[in-house]
Amino acid sequence: MSTERHDDHAAAPADESAQPGGLSRRDFMRAAGGATAAMLAARHLPGAVREAAAATGNEICRMDAVTLAGHIRAKRLSPVEVINAVLDRMDKLEPVLHAFCTPTPDLARETAERLEDDIMKGRRVGPLAGVPVGIKDLVLTKGIRTTSGSIIYKDFVPDEDDVVVERLKDAGAVILGKTNVPELGYSGASYNMIFPATRNPWNIERTSGGSSAGSGAAVASGMGPFAIGSDGGGSIRIPAAFCGLYGLKASMGRVPLYPGTKDERYPGVSGWESIEHIGPLSRTVADAALMMSVIAGPDARDRHTLPEPNFNWMDTLQGSIKGLRVAYTPDWGYAQVDPEVRAVAGKAARVFERNLGCVVEEANPGWEDPFGHFFTLVLLETDLKGMRRLIEQYESQMMPHLVEALKGRIPDEAFTDAIMARKAVANKSWRFFHKYDLLLTPTTAVAAFPLETIEGKKAGPFQWLPFTFPFNMTGQPAATVPAGFTSDGLPVGLQIVGRHLDDPAVLRASAAYEAAAPWKDRWPPLLAKMGL
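Everything numeric here is computed off the predicted structure, so don't read it as measured data.

The rules we used
Residues numbered from 1 in each chain as written. Predicted model: local features only at pLDDT ≥ 70, side-chain atom pairs only at ≥ 80, totals over all residues. Heavy atoms only, no water. Helix = DSSP H or I, 4+ residues; strand = E, 2+ residues; numbered from the N terminus. Contact = heavy atoms within 4.5 Å. Areas by Shrake-Rupley, 256 points an atom, 1.4 Å probe, with all protein chains shown as cover. Salt bridge = Lys/Arg side-chain N within 4 Å of Asp/Glu carboxyl O. Buried < 20%, exposed > 50% of the residue type's maximum accessible area, 1.4 Å probe, protein only. Pairing = 2+ DSSP bridges. Axes fitted to C-alpha atoms, helices over the stretch in contact; angles between N-to-C directions. Polar contact = N/O pair within 3.5 Å; in protein donor to acceptor, adjacent residues only side chain to side chain. Core = buried A, V, L, I, M, F, W, Y, C linked by side-chain atoms within 4.5 Å. Phe/Tyr/Trp six-rings, centres within 6.5 Å; stacked < 30°, edge-to-face > 60°. Lys NZ or Arg CZ within 6 Å of the ring centre and 35° of its normal. Arc of directions from axis to C-beta.

Turning next to the overall build of the protein chain. What the protein chain contains, in helices and strands, is 18 helices and 17 strands. Expressed as a percentage of contacts within the protein chain between residues at least 6 apart in sequence, the contacts between residues at least 24 apart total 79%. For the protein chain, the accessible surface area stands at approximately 20800 Å², while carbon and sulfur atoms represent 52% of it.

Within the structure shown, the criterion is met by 21 salt bridges. Here Asp64 makes a salt bridge to Lys520, at a shortest N to O gap of 3.2 Å. Note that Asp64 is positioned in the loop between helix 3 (47-61) and helix 4 (65-73) and Lys520 in the loop between helix 17 (503-516) and helix 18 (525-529), a separation of 456 residues in sequence. By relative accessible area, which is 12% here, Asp64 ends up buried. With a relative accessible area of 37%, Lys520 lands in the partly exposed category. In the salt-bridge network here, residues are joined through shared partners; they are Asp117, Asp118, Lys121 and Arg123.

What follows deals with the sheet that holds strand 2 (residues 100-103). The sheet built from 11 strands is open, its strands ordered 2-5-4-8-10-9-16-17-13-11-12 with mixed pairing. Edge positions in the sheet fall to strand 2 and strand 12 (359-362), since each has one partner strand and no second. On average, adjacent strands in this sheet sit at an angle of 25° to one another, irrespective of strand direction. With 4 bridges connecting them, strand 11 (residues 325-328) and strand 12 associate as parallel partners.

This part covers the environment of Val96. Mapped onto the secondary structure, Val96 falls in helix 5 (residues 79-97). Residue classification places Val96 among the partly exposed residues on the basis of a relative accessible area of 23%. For the pair Val96 and Arg199, spaced 103 residues apart in sequence, the C-alpha to C-alpha distance is 7.5 Å. Sequence-distant contacts of Val96, defined by excluding residues within four places in its chain, comprise Arg199, Ile204, Leu526 and Met530.

Inspection of the secondary structure assignment puts Thr480 in strand 16 (residues 478-485). Side-chain polar atoms of Thr480 contact the side chain of Thr443, separated by 2.7 Å. Beyond its immediate sequence surroundings of up to four residues, Thr480 is in contact with Arg237, Ala240, Ala241, Leu245, Tyr246, Gly247, Thr443, Gly493, Leu494 and Gln495.

This paragraph deals with the nonpolar core. Counting residues in each nonpolar core, the largest one holds 154 residues, and the members touching the most others are Leu168 and Phe352. Per-element accounting of this core gives the leading share, 9 residues, to helix 5. Residues within four places of Phe352 in sequence aside, it is in contact with Ile321, Gly357, Cys358, Val360, Leu440, Leu494, Ile496, Ala509 and Tyr513. Membership of the second largest hydrophobic core comes to 8 residues, among which are Ala220, Ala227, Ile236 and Leu281.

Further remarks concern the packing of aromatic side chains. All told, the structure shown has 17 aromatic pairs when counted by the stated rule. Pairing Tyr153 with Phe156 gives two aromatic rings, centres 6.3 Å apart and planes at 55°, and the pair type is tilted. Neither residue differs from the other here; Tyr153 and Phe156 are each classed as buried. A network of ring pairs unites the aromatic residues Trp332, Trp367, Phe467 and Phe471 as a single cluster. Here the basic side chain of Arg283 rests over the ring of Trp523, its NZ or CZ set 3.6 Å away from the ring centre.

Let us now look at unusual backbone geometry. In this model, Gly210 is joined to Ser211 through a cis peptide bond whose omega is 5°. Of note in the backbone geometry, Leu501 takes a positive phi value of approximately 70° without being a glycine. Within the secondary structure, Leu501 sits in the loop between strand 17 (491-498) and helix 17. On the basis of relative accessible area, Leu501 is assigned to the partly exposed category, the value being 32%.

It is worth spelling out helix 14 (residues 400-407) at this point. Buried within helix 14 are the following residues: Leu402, Val403, Ala405 and Leu406. Viewed end-on, helix 14 has its buried residues packed into an arc of 165°, placing them on one side of the element. Opposite its buried face, helix 14 presents the exposed residues Pro400 and Glu404, each directed more than 90 degrees away. As for helix 14, its buried residues are in contact with helix 12 (371-380) and helix 13 (384-394).

What follows is the structure, given as structure tokens:
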């Protein structure tokens, strides 16, 4: 039921030189270097062979999506050996990290085998053929449980896919399963009441952020090169920053958001229509652009989607940003920011001037903290009637901060005040970006904190995101890049914000910064300790 569209990367033949009838499986595996055969053989052979097979699997798991897709199309790797390598890694890491709440290994293997058969027989495959991807557990997946991290939906199996899942499938991506989220996405942390808390690969005693908690932990540990996240107030950018990843919230309307199920038993899964974005968490900027080339574009099911852009997503990574006017604010003038985060983000911002030739000055749009109004907008776009009915049944099994928020009574004027505040923020942002091409900020006010506490107190659900949610109110494109580390080895993110609809500038600046301060070969120490 997808609306017809044109991708930047049209599906190409698996191998232009393939003969009628294709390769035999044996020929394919020989052409792919025999890595899968080595892995299978190693299960029955001692020491050295097992280690060699494991090293081969580790190498696959450290490849970015662009590289994997290229190797698979060229028959240097098979989809089956890629998925076997990633699933083997999941077997080792999941008992520690809990990134996937509903893994789907059998489905992944079945999909990989079908794609391998298509490639062997010379059939056309999509640009992501054989590339593994995790899907956030707030995003609907046909036939795969979608719990939204809540007891309410613990048995909910959608009868249709979200648009982005349709498009990923059509492009040949292999779904590894659903990644864990805080309950209904109403938190920037990584725990709920039905699954084990997702742990940060850089320090398993710390949160991986939220609400795309499992997506962040999965990609940071090599359980797939990228994953789908959603961002209603920072939920792509927060876990990306906490986990040392790239995260992109494109302009509102670039990626369609289908409001989802018509099943009246499950209210509240329709998303926040005017503030929520779906997008990638990845290890490289190019991987994010590759995913965007597949999932972006108009769809009739989302009345907010934009027409096809006048740019190619991969082409946005090219070119200099020399001479751009860049603003940097460490705190908006009012936010409390951890001193180490402030220092690391400030040093990263200076790269834009020292290495990339931008004109950088400290400035901010001058708004007062709009968080109260933002959260009112969240409630405005929530099915309060349906959720309050379900709270009567499930309250004791739901997160207390969520119950409190959904049960609270809100004066009528609070909703109109919030709408007027959003207009004011958007207007101040427009005026600000009339002078500046880009705005840089820390992505979060703190680095990853202990799973349920911050500064010795039980963590509130939103207190570390003063920099992210304003751009859900305005709909502007915003990304986070790894900026460096705290003294105890925790990643810090730098947010890059562009003008309304200027996604190319954000991606080009992200790629330029990545080239000046590369990060993709930095992996959490946990992996080396586990032989990964």
